[in-house]
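Single-letter residue listing:
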Amino acid sequence: MGIINVTPDSFSDGGQHIRLPAALNHAERLLADGADVLDVGGESTRPGAPPVPLDEERRRVLPVVEALAARGACVSVDTRHPALMREVIAAGASIINDVQALAAPGAIEACAAADVGVVLMHMQGQPGTMQAAPRYEGAGGVVGEVSRYLIERAGACEAGGIARNRIVLDPGFGFGKTTEHNLELTRRLGEIVALGYPVLAGWSRKRTLGELTGRPVASERVHASIAAALACVAHGARIVRVHDVGATVDALRVWGEMVVIPDSRD
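Read on for an overview of the structure. Being a predicted model, the structure only gives us computed values, none of them experimental. (Residues numbered from 1 in each chain as written. Predicted model: local features only at pLDDT ≥ 70, side-chain atom pairs only at ≥ 80, totals over all residues. Heavy atoms only, no water.)

1. Some words on the overall build of the protein chain
- Each helix and strand in the protein chain was counted, giving 10 helices and 8 strands.
- When each of the 266 residues of the protein chain is scored for burial, the buried share is 54%.
- In the structure as shown, the protein chain presents an accessible area of about 11300 Å², 54% of it carried by carbon and sulfur atoms. (Helix = DSSP H or I, 4+ residues; strand = E, 2+ residues; numbered from the N terminus. Buried < 20%, exposed > 50% of the residue type's maximum accessible area, 1.4 Å probe, protein only. Areas by Shrake-Rupley, 256 points an atom, 1.4 Å probe, with all protein chains shown as cover.)

Now the structure itself:
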């Protein structure tokens, strides 16, 4: 899953693809590099990010979705707003990727009414405050709480008319988690895979990688991002959401020839 941020303030590439021609050129590069899905986002959810008015998010996202869908690309839209979900689905989006796991009123209904996939992510708190003091004190710690939340949201989606085979789970690395929380989730990702849904991993260029490598600049975390993607696939992730598609595809292709990749369907 290649990332297209049409935002001025995303943590890694904010402002680079906010205009339609730049976004489409970037999309073409991602597809040429081997992306299977293009994930378009018009609202930054980086730590500390302010909310974006719905009209502004709509203005940023819809033209990109329409153009990519017309090209035949598989388009995912990263949004938490049910009104926009309905609009991008009508414009040709195939997947809704929601950091709030379709918890907003009307979100499940918007997706159930269409034959789209959904990505349900765990986030503790809201983007503006989620990294202030994340804590996990229930049974099983961070993995237990994330697992319980995701299985509850998946159940709500199925009860609301979204077929099980349309649901993907995302543990939400970096969304209300400390470095140790993120590492624990990765080491024990197989427990989330065992819930029975495909798992998406989004480690690309994130702050924890900078802390581990001593690289404060997000664009310098490519090698670390690839290592994290490989680790997640080794633990059963079926989708990796990345900025650096070409490098990740090459790494996965070579690595996949040299090791046995677990199949979460077994």
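2. Digging into the sheet that holds strand β4 (residues 95–98)
- Ordered by their spatial adjacency, 6 strands build an open sheet running β1-β2-β3-β4-β5-β6, and the pairing between neighbours is parallel. Two strands close off the open sheet at either side, each with one partner strand: β1 (2–5) and β6 (167–170). Ignoring which end each strand starts from, the neighbouring axes of this sheet average 20 degrees apart.
- Inspection of the sheet shows β1 paired to strand β2 (residues 38–41) by 4 bridges, in the parallel sense. Counterpart to I4 in the pairing with β2 is V40. (Pairing = 2+ DSSP bridges. Axes fitted to C-alpha atoms, helices over the stretch in contact; angles between N-to-C directions.)

3. Topic: the side chain of R60
- Counting through the fold element by element, R60 comes out in helix α2 (residues 54–71).
- At 2.9 Å, the side chain of R60 forms a polar contact with the side chain of E56. (Polar contact = N/O pair within 3.5 Å; in protein donor to acceptor, adjacent residues only side chain to side chain.)

4. What to know about unusual backbone geometry
- One non-glycine residue with positive phi stands out, namely A101, at about 55 degrees.
- Counting through the fold element by element, A101 comes out in the loop between β4 and α4 (107–112).
- Phi at R205 is positive, roughly 60 degrees, even though this residue is not glycine.
- Tracing the backbone through its elements, the reader meets R205 in the loop between β7 (200–201) and α8 (207–213).

5. Digging into the packing of aromatic side chains
- The full count for this structure, using the stated rule, is 1 aromatic pair.
- When the ring of F173 is compared with that of W203, the centres are 5.1 Å apart and the planes differ by 25 degrees; the resulting orientation is stacked. A residue pair is termed long-range when its members are at least 10 positions apart, and F173 in the loop between β6 and α6 (179–187) and W203 in the loop between β7 and α8 qualify at 30 residues.
- The buried category is assigned to F173, whose relative accessible area is 1%.
- Of the residues examined, W203 reaches a relative accessible area of 6% and is grouped as buried.
- Over the ring of Y197 we find R164, and its NZ or CZ is 4.1 Å from the ring centre. (Phe/Tyr/Trp six-rings, centres within 6.5 Å; stacked < 30°, edge-to-face > 60°. Lys NZ or Arg CZ within 6 Å of the ring centre and 35° of its normal.)

6. Looking at the environment of V6
- Tracing the backbone shows V6 in the loop between β1 and α1 (20–33).
- Distance from V6 to A23, taken between C-alpha atoms, is 6.9 Å for residues 17 residues apart in sequence.

7. Points about the state of the cysteines
- One pass over the structure, following the stated rule, counts 0 disulfides.
- With no disulfide of its own, C111 lies 7.6 Å from the sulfur of C157, the closest cysteine sulfur.
- According to the relative accessible area criterion, C111 is buried, its value standing at 0%. (Disulfide = S-S within 2.5 Å.)

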